Amino acid sequence: MFTASDNTTVLVLFVVLGILGWGYYRARPYGKLGLLSWLQSVALMSPWLLFFTLAALGIYLNVVSILFLFVASTGLYIMIGRKLREIANQDAVSPPEPKLDAVDSSTSSETTHHTPPVSDPISPLQPVPLSPEDLKIIQGIFGVDTFFATETIPYQDGAIFKGNLRSDPETAYQQLSTKLQQRIGDHLRLFLVDNPDGKPVVIVLPRTNEPATTSITQKILALILGVITVGTIFEAAGLLLGFDFSENINRYPELLPIAIGIITILMLHEIAHQVLAKRHNIKFSWPFFIPTIQIGTFGAFNRFESVLPNRTVLFDVAFAGPAAGGGLSLLMLISGLFLSHPGSLFKVPTEFFQGSVLVGTLSRAILGSQLHQATVDIHPLALIGWFGLVITALNLMPAGQLDGGRIMQAIYGRKIAGRSTLATFIVLAIASLANPLALYWALVILILQRNLERPSLNELTEPDDTRAALGLLVLFLMIATLFPLTPGLARGLGIGS
């Protein structure tokens with residue numbers, strides 16, 4: 001007979017099955033391509049599905065088996081993705097060219113006014129906020145082999161060109177942008193994006209609407225927040241050692257190892273962002289840290305100070321920070337657990353390890369029967385690593401301009417990223433009923449990070465399957481870090497006396 005905690009496991013299992021069933025229903029109308037896309041989702045969710053199915057039956061996998069499942073599912077995801085792209089390329093059929101009435105050179109101006117020839121797809125009679133010279137140049141870059149423009153709509157200081165995309169988005173964008181720059185210079189910028197109906201459009205705007213650079217005042221604010229964050233990190237370390245740092249500043253040498261460890265994780269995270277941004281020739285702002293006494297900091301937020309060329313660059317810059325900081329945190333956690341022994345600096349209750357699925361399962365695999373006791377002695381590196389994982393996981397939540405939100409936008413596009421932002425707020429609102437920190441973090445996102453990144457120049461080309469798999473993997477690690485073990489799973493893993 002199931003207990004309440006076991007019912008939670010069964011509920012999660014039914015939610016997963018419901019998502020898969022809904023995905024299959026949505027995929028069927030799209031034929032083979034739709035079903036392959038659905039199978040990619042199944043591949044990514046299969047480890048979860050198997051884990052919770054076995055847990056509901058009272059069978060608990062060890063860490064090695066779990067890691068093997070995720071590696072296998074990631075490989076399967078990439079294989080299906082490659083097959084999906086092959087079929088899509090084979091089945092790709094160019095959209096039919098618009099039927100135009102035959103126009104003789106001697107035809108009256110009345111006829112040519114109603115039916116412009118293929119070489120002049122933009123009607124010069126439509127009012128657009130571009131000079132006639134610029135408009136004539138822009139109309140010359142379109143063609144039947146890239147993007148066939150059929151309608152012009154004024155937009156801000158430029159124009160939107162509706163029509164039919166006639167080749168691969170990356171190829172079309174490169175050809176169009178190159179022609180525009182060669183013929184008109186650098187004062188106009190071309191975007192290839194989806195309109196609200198999901199159809200590709202070209203937008204041409206002046207370069208005057210560029211992202212703002214960080215001002216001197218903002219840099220001073222970043223430095224002040226950095227100094228405050230160092231103070232809150234020492235305060236959090238003092239709480240771990242059982243004293244208030246603000247009242248015992250002379251005891252700072254005791255806190256240096258913990259503070260240096262956390263600061264190292266933060267700096268590696270930010271350096272990785274900057275290195276990838278520089279590699280792609282993108283300007284990325286200074287980090288603005290968010291101090292908090294509970295764990296020292298909630299991480300930092302940054303702004304792009306350049307227009308991004310494509311979603312792959314957005315992914316690379318967003319992914320670099322969590323990969324570097326999270327990787328170091330995980331290494332510290334595992335090393336700290338191996339170094340833990342009776343007499344280690346920190347003595348923590350066993351319930352401590354039930355606060356995270358990832359930490360709990362790793363601790364059970366490394367510490368073994370020690371977790372049957374009421375308290376466990378652990379090395380400081382284990383705590384530093386856990387703090388780093390929590391900070392990384394908070395920034396991986398799929399909302400707004402957090403790293404997780406940027407990764408979600410890069411992989412799935414702006415529409416899905418907007419929905420995931422809303423879903424994150426709902427989850428945080430529910431979680432705040434049990435943990436006030438969730439409400440605090442929700443307010444931070446709402447005030448500072450709720451908006452999505454502005455569209456990249458080529459918004460249609462998605463990151464490759466390897467990047468998509470890596471992005472979904474770190475999002476899974478975020479969930480595994482922040483979600484606690486249910487009492488039933490904790491008992492099954494042997495955590496607790």
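Keep in mind that this is a model prediction, so the values were computed, not measured.

Asks: Just to check I follow, could you spell out the overall build of the protein for this structure?
Replies: A count of helices and strands for the protein gives 16 helices and eight strands. Contacts in the protein between residues far apart in sequence, at least 24 positions, make up 72% of those at least 6 positions apart. Accessible surface computed for the protein: about 24900 Å², of which carbon and sulfur atoms make up 64%.

Asks: How do you make sense of the nonpolar core when you look at a structure like this?
Replies: Soluble globular proteins tend to pack their nonpolar side chains together in the buried interior. If you look at the biggest cluster of nonpolar residues, it comprises 89 residues, and the most contacted ones within it are Ile262, Phe353, Ile378, Met397, Ile407 and Trp441. The residues touching Met397, leaving out its near neighbours within four places in the chain, are Leu402, Gly404, Gly405, Thr424, Leu428, Trp441, Ile445, Met478 and Leu482. Phe147, Val202, Ile203 and Leu457 belong to the second-largest nonpolar core, a separate cluster that totals 28 residues.

Asks: Sorry, what's going on with the sheet that holds strand β4 (residues 200-206) here?
Replies: Consider a sheet: its strands pair through backbone hydrogen bonds, and that pairing is either parallel or antiparallel. Strand order in the open sheet formed by four strands is β1-β2-β4-β3, and the pairing between neighbours is antiparallel. The two strands at the open ends of the sheet, each matched to only one other strand, are β1 (147-155) and β3 (188-194). Within the sheet, the average angular offset between the axes of one strand and its neighbour, ignoring direction, is 25°. In this structure, strand β2 (residues 158-165) lies alongside β4, joined through four bridges in antiparallel fashion. Along β4, the bridge assignment pairs Phe161 with Val202.

Asks: Please explain the confidence of the model for the protein as it appears in this structure.
Replies: Caution applies to low-pLDDT parts of the model: their predicted coordinates are not meant to be read in detail. Considering every residue of the protein, the mean pLDDT works out to 77; 78% of them sit at 70 or more. Ranking the elements of the protein by mean pLDDT puts helix α4 (residues 109-114) last with 35 and helix α9 (residues 311-339) first with 93. Contacts for the low-pLDDT stretch residues 1-6, under 50 throughout, to residues beyond four places or in other chains number nine contacts. Low pLDDT (under 50) marks residues 92-128, which in the prediction has 38 contacts with non-local residues, meaning those over four places away or in another chain.

Asks: Any chance you could explain the packing of helix α8 (residues 252-279) against α9 here in plain terms?
Replies: Packed helices, taken two at a time, are described by their axes: the angle between them and the distance between them. Across the interface, α8 lies against α9 with an axial gap of 7 Å and an inter-helix angle of 155°. If you check the angle between α8 and α9, you find them roughly antiparallel. In this structure, the crossing between α8 and α9 has a hand that is right-handed. In this structure, α8 contributes Gly261, Thr264, Ile265, Leu268, His269, Ala272, His273, Leu276 and Ala277 to the contact, and α9 contributes Asp316, Val317, Ala318, Ala320, Gly321, Pro322, Ala324, Gly325, Leu328, Ser329 and Met332. Its residues assigned to classes, the contact of α8 with α9 comprises 12 nonpolar, seven polar and one charged.

Asks: Sorry, what's going on with the side chain of Asp377 here?
Replies: You can see Asp377 is positioned in strand β8 (residues 375-378). In terms of polar contacts, Asp377 uses its side chain to reach the backbone amide nitrogen of Gly343, at 2.8 Å. Among the polar contacts made by the side chain of Asp377, one reaches the side chain of Lys347 at a distance of 2.9 Å. Setting aside residues no more than four positions away along its own chain, Asp377 makes contact with Ser340, His341, Pro342, Gly343, Ser344, Phe346 and Lys347.

Asks: Got a minute to help me understand the packing of aromatic side chains in this structure?
Replies: Any two aromatic rings considered together are summarised by their centre-to-centre distance and by the angle between their planes. Taken as a whole and judged by the stated rule, the model has eight aromatic pairs. Judged by centre distance (5.4 Å) and plane angle (15°), the rings of Phe288 and Phe301 are stacked. Of the two residues, Phe288 is situated in strand β5 (residues 288-292) and Phe301 in strand β6 (residues 296-301); the sequence distance between them amounts to 13 residues. The two residues Phe288 and Phe301 agree in class, both being buried. An aromatic cluster of at least three residues, connected via ring pairs, comprises Phe142, Phe147 and Phe161.

Asks: Can you help me understand unusual backbone geometry in this one?
Replies: It is generally the case that most residues other than glycine have a negative phi and that most peptide bonds are trans. Phi angles above zero are rare outside glycine, and Asn281 is one such case at about 60°. Summarising the element assignment, Asn281 is placed in the loop between α8 and β5. Asn281 gets classed as exposed once you look at its relative accessible area, which sits at 69%.

Asks: Looking at this structure, I do not really get the packing of α9 against helix α11 (residues 380-395). What am I missing?
Replies: At a minimum axis distance of 7 Å, the contact between α9 and α11 shows a crossing angle of 155°. Considering their axes alone, α9 and α11 lie roughly antiparallel with respect to each other. Every pair of crossing elements has a handedness; the one defined by α9 and α11 is left-handed. Of the residues in α11, those in contact with Pro322, Gly325, Gly326, Ser329, Leu330, Met332, Leu333, Ser335, Gly336, Leu337 and Leu339 of α9 are Leu381, Ala382, Ile384, Gly385, Trp386, Gly388, Leu389 and Thr392. For the contact of α9 with α11, the per-class residue count stands at 11 nonpolar, eight polar and no charged.

Asks: I would appreciate a short explanation of the pattern of salt bridges in the present structure.
Replies: Side chains bearing opposite charge may pair, as long as their charged atoms lie close to each other. Using the criterion set out here, one finds six salt bridges in the structure. Of the charged contacts, one joins Glu254 and Arg251 as a salt bridge, the two residues approaching to 2.9 Å between their closest N and O atoms. Among the ionic pairs, Asp377 bridges to Lys347, the shortest N-O distance being 2.9 Å. A residue pair is termed long-range when its members are at least 10 positions apart, and Asp377 in strand β8 and Lys347 in strand β7 (residues 346-349) qualify at 30 residues. Given the relative accessible area of 13%, Asp377 is considered buried. Overall, Lys347 belongs to the exposed group, its relative accessible area being 57%. Counted as one network, the salt bridges with shared partners bring together Asp316, Asp464 and Arg467.

Asks: Help me understand the environment of Gly388 in this model?
Replies: Topologically, Gly388 is positioned in helix α11. Taking the C-alpha atoms as reference points, Gly388 and Leu328, separated by 60 residues in sequence, lie 8.2 Å from one another. If we skip the residues at most four places from it in the chain, Gly388 touches Ile265 and Ser329.

Asks: Help me understand a nonpolar patch on the surface, please; the structure alone is not making it clear to me.
Replies: A cluster of nonpolar residues, Ile216, Ile220, Ile224 and Ile228, forms a patch on the protein surface that exposes about 380 Å² of accessible area. By secondary structure assignment, the location of Ile220 is in helix α7 (residues 216-241).

Conventions used here
The residue numbering used here restarts from 1 in each chain and proceeds along that chain's sequence as written. Residues qualify for local features only when their pLDDT is at least 70, as the model is predicted, and side-chain atom pairs are given and counted only at 80 or more; totals for whole chains, interfaces and linings, by contrast, use all residues. In computing side-chain properties, one takes all heavy atoms of the structure into account and sets aside hydrogens as well as water. Comment: elements are numbered from the N terminus, with helices defined as DSSP H or I runs of at least four residues and strands as E runs of at least two. Note on contacts: a residue pair is in contact if any heavy atoms of the two residues lie within 4.5 Å. Residue exposure ignores everything except the shown protein chains as possible cover, and the areas themselves are Shrake-Rupley values with a 1.4 Å probe. We call a set of buried Ala, Val, Leu, Ile, Met, Phe, Trp, Tyr and Cys residues a nonpolar core when their side-chain atoms join them within 4.5 Å. When a residue's accessible area, from a 1.4 Å probe over protein chains only, is under 20% of the maximum for its type it is buried; when over 50% it is exposed; and in between it is partly exposed. Note: two strands are recorded as paired if DSSP finds a minimum of 2 bridges between them. To obtain an axis, a line is fitted to C-alpha atoms, over the contacting stretch when the element is a helix, and the angle between two such axes runs from 0 to 180 degrees between their N-to-C directions. The predictor reports its confidence for every residue as pLDDT, a score running from 0 up to 100. Angles below 35 degrees are treated as roughly parallel, those above 145 as roughly antiparallel, those between 65 and 115 as roughly perpendicular, and all remaining angles as oblique. Take the far helix as the reference: if the near one is turned anticlockwise from it by less than a right angle, the crossing is left-handed, and if turned clockwise, right-handed. Residues are sorted three ways: Asp, Glu, Lys and Arg are charged, Ala, Val, Leu, Ile, Met, Phe, Trp, Tyr, Cys and Pro are nonpolar, and all the rest, Gly among them, are polar. Whenever a nitrogen or oxygen atom comes within 3.5 Å of another N or O atom, the pair is scored as a polar contact, on the condition that within protein one atom can donate a hydrogen and the other can accept it, and that pairs from neighbouring residues in sequence are kept only if both atoms are in side chains. Only centres within 6.5 Å qualify two rings of Phe, Tyr or Trp (six-membered ring in Trp) as a pair; their planes then separate them into stacked at under 30 degrees, edge-to-face at over 60, and tilted for everything else. By salt bridge we mean one thing: a side-chain nitrogen of Lys or Arg within 4 Å of a carboxyl oxygen of Asp or Glu. Patches here: salt-bridge-free residues with over 30% relative accessible area, like charges joined within 9 Å, nonpolar side chains (Val, Leu, Ile, Met, Phe, Trp, Tyr) joined within 5 Å.

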